[in-house]
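Reading the structure
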Amino acid sequence: MELIKIEALLEKYDDGATNIEEERILKEYFAKEEVPEHLWGYRLMFGYTAKAKKTSYPYKMNAKNPNGSKRKLYSLIGIAASLALALGVFFYQENDQPKLMANDYGTIEDPEEAYLKTKETLQMIAQVFNNGKEDLGYIKEFNKTKDKFINE
Amino acid sequence: MNQGTFIRLIDPIQDKMYRLALRLLTSKESAQDATQEVILKLWNRNNKLKDYANIEAFAMTVTKNYCLDQLKSKQNDNLKIVHSNYESHDRTSYEQLEINDELEQIGRILELLPDQQKLIFQLRDVEQYEYEEISEITQMNETAIRVALSRARKKIREELLKTHRYGIN
């Protein structure tokens, strides 16, 4: 496009008199060709508006991602997490209680072996009891002291 | 109107709404908030939305009104100070850097313009709306729009000349 025509269009442009088609011609001219120095201001303006039009909204909603905005996503994740936690606690109690109880029942099938095991266990308990009883010796000392005071 | 239809309607407009909000509010964060608020407003109007002949113009009008209200309200008084929207340069070519700096300079000049001129420059020179559409969005008559636009265009180059009196390249 000849420079004279461009300059005429620019004059119209400055007066707010160009139509969309003429402005498109100017945009193209300043995007492609080497621009004479005295028109650098226009080149920057057209460059700026072309660049500004490429800015896009970062939290776009679209068909694939209808709740595309970050905040909505965060709140959804929050709801999902608390649901998972609540359900987890609920099912944990539901399922694990009976399992633990089943484990408590003895699993020894042979009566003889069961008898020996029981005996061994009872003996162990008795021994622990005796150990505990030995410790009670200290109480005698305590009683001696108490008697001193009470009797006097 | 269901969610899918709404999203399809709003999809091509979202960027334009955001860019308009960004032009008027300057800060990216407030522009994002504004865009989200306006989309929500539109969604709440859902049933009436299809009565509008030009939904895009309506969406832009709501965006414009919302942003101008934000500017009026005191809570936004400090916003002009905090923005830092100038993009970092990832292309290292010296010339590219220089051009980017100059483009940013136009952004700064635009910030100095009155809101109405910002609005009209954005709608016409960035988004390339026809005058009828701009008139619908801004509720101004065509002559007033052309005058404001002419002022904005001349002002930008005048400011550019002030800072680059000795030429470029």
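Throughout, residues of each chain are indexed from 1 in the direction in which the sequence is written. The order in which chains are written sets their letters, starting at A; the order in which ligands are written sets their numbers, starting at 1. Local features in this predicted model are restricted to residues whose pLDDT is 70 or higher, and side-chain atom pairs enter the listing and the counts only when it is 80 or higher, whereas totals over whole chains, interfaces and linings include all residues. Note that the side-chain values use all heavy atoms of the structure and ignore hydrogens as well as water.

Thoughts on the confidence of the model for chain A
- The pLDDT score gives, residue by residue, the confidence of the prediction method on a 0 to 100 scale. Averaged over all residues, the pLDDT of chain A is 81; the fraction at 70 or higher stands at 82%.
- To qualify as a helix, a DSSP run of H or I must reach at least 4 residues; to qualify as a strand, a run of E must reach at least 2; elements of each kind are numbered from the N terminus. Looking across chain A, the model is least confident in helix α4 (residues 70-104) of chain A, with a mean pLDDT of 73, and most confident in helix α1 (residues 3-14) of chain A, with 94.

Notes on the nonpolar core
- Remark: nonpolar core denotes a set of buried residues (Ala, Val, Leu, Ile, Met, Phe, Trp, Tyr, Cys) joined through side-chain atoms within 4.5 Å. Relative accessibility thresholds used throughout: buried, under 20% of the residue-type maximum; exposed, over 50%; partly exposed, between the two (1.4 Å probe, protein chains only). Grouped together as the largest cluster of nonpolar side chains are 38 residues, with contacts concentrated most on F6(B), M17(B), L42(B), M60(B), I120(B) and L123(B).
- Those elements that provide at least two residues to this core are α1 (3-10), α2 (14-25), α3 (28-49), α4 (55-72), α7 (115-126), α8 (131-138) and α9 (142-163) of chain B.
- No other element matches the 8 residues that α4(B) contributes to this core.
- In this structure, F30(A), L103(B), L110(B) and F121(B) belong to the second largest nonpolar core, which totals 26 residues.

Describing the pattern of salt bridges
- A carboxyl oxygen of Asp or Glu within 4 Å of a side-chain nitrogen of Lys or Arg is what we treat as a salt bridge. This structure, assessed with the given rule, holds 15 salt bridges over all chains.
- Residue E21(A) pairs with R24(A) through a salt bridge whose shortest N-O separation is 2.7 Å. With E21(A) and R24(A) both in helix α2 (residues 20-32) and 3 residues apart, this pair spans about one turn of that helix.
- Residue class for E21(A) comes out partly exposed when judged on its relative accessible area of 41%.
- Judged by its relative accessible area of 36%, R24(A) is partly exposed.
- Residues joined in a network through salt bridges with shared partners are E23(A), R124(B), D125(B) and R153(B).

Some details on unusual backbone geometry
- The backbone of T26(B) shows a phi angle near 75°, a positive value even though the residue is not glycine.
- Mapped onto the secondary structure, T26(B) falls in the loop between α2 and α3.

Looking at the environment of K27(A)
- Its place among the elements puts K27(A) in helix α2.
- For the pair K27(A) and R43(A), spaced 16 residues apart in sequence, the C-alpha to C-alpha distance is 8.5 Å.
- The residues touching K27(A), leaving out its near neighbours within four places in the chain, are F46(A), T49(A), A50(A), D125(B) and Q128(B). Pairs of residues are marked as contacts when any of their non-hydrogen atoms sit within 4.5 Å.

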